[in-house]
Amino acid sequence: MATLLIVHHTPSPNCQALFEAVIAGATTEDIEGVRVVRRAALSATASDVLAADGYLLGTPANLGYMSGALKHFFDQVYYPCLDTTKGRPFGYYVHGGNDVTGAVRGIETITTGLGWRRTADAVTVTGEPGKADTEACWELGATVAAGLMD
């Protein structure tokens, strides 16, 4: 069975709404043969990353960058996972009050360095998430999970 690891930092109701939509998409009944593992960014480990077949990342944009929690995650897993996880699929979502540019740039730079392959468009949301935003997160979860089905 394939494993999708969802690593998230969810400190606000807005981030929670996006996270829940991603989970709903990744675990929809149409997805078969994919185990979904959820880890808060501060507790996710290199072992979690090495055991997974694909990744979904979620973060707020804080002070023009991804959350410190997601950056800490990347700092902890980068070198232990660098060679082994090249080519693995991933997707991500970012929520910001008014700008997510720096967070997107940071995630793209680090995942490029890891050699991960983005398999779905990133979902970026500013302000309070609306129905279209949560639907996009649902699609993100479903798309990345479906890509892991045999």
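Refer to the preceding data block for the structure.
Keep in mind it's a predicted model, so treat the numbers as computed, not measured.

Asks: Quick rundown of the pairing of strand 7 (residues 123–126)? Include the residues and the values.
Replies: Only one face of strand 7 is buried, namely the one carrying Val-123 and Val-125, since none of Thr-124 and Thr-126 on the opposite face is buried. Here 4 bridges tie strand 5 (residues 89–96) to strand 7, and the two strands are oriented parallel to one another. Across the sheet, residue Val-94 finds its bridge partner in strand 7, namely Thr-124.

Asks: Residues and numbers for the environment of Thr-143, please.
Replies: Topologically, Thr-143 is positioned in helix 5 (residues 131–146). The spacing of Thr-143 and Phe-90 is 53 residues in sequence and 10.0 Å in space, taken between C-alpha atoms. If we ignore the near neighbours within four places in the chain, the residues touching Thr-143 are Thr-119 and Ala-120. One polar contact links the side chain of Thr-143 to the main-chain carbonyl oxygen of Glu-139, over a distance of 2.7 Å.

Asks: Can you break down the packing of aromatic side chains residue by residue, with the values?
Replies: Each aromatic ring pair is summarised here by two numbers: the centre-to-centre distance and the angle between the ring planes. Here the structure, examined in full by the defined rule, presents 6 aromatic pairs. Here the aromatic rings of Tyr-55 and Trp-116 are separated by 4.2 Å at their centres, their planes lie at 20°, and the arrangement is stacked. Of this pair, Tyr-55 sits in strand 3 (residues 54–62) while Trp-116 sits in the loop between helix 4 (101–114) and strand 6 (117–118), placing them 61 residues apart in sequence. Across this residue pair, the class does not change: Tyr-55 and Trp-116 are buried. One aromatic cluster is present, formed by Tyr-55, Phe-73, Phe-74, Phe-90, Tyr-92 and Trp-116 through successive ring pairs.

Parameters and conventions
Residues numbered from 1 in each chain as written. Predicted model: local features only at pLDDT ≥ 70, side-chain atom pairs only at ≥ 80, totals over all residues. Heavy atoms only, no water. Buried < 20%, exposed > 50% of the residue type's maximum accessible area, 1.4 Å probe, protein only. Helix = DSSP H or I, 4+ residues; strand = E, 2+ residues; numbered from the N terminus. Pairing = 2+ DSSP bridges. Contact = heavy atoms within 4.5 Å. Polar contact = N/O pair within 3.5 Å; in protein donor to acceptor, adjacent residues only side chain to side chain. Phe/Tyr/Trp six-rings, centres within 6.5 Å; stacked < 30°, edge-to-face > 60°.

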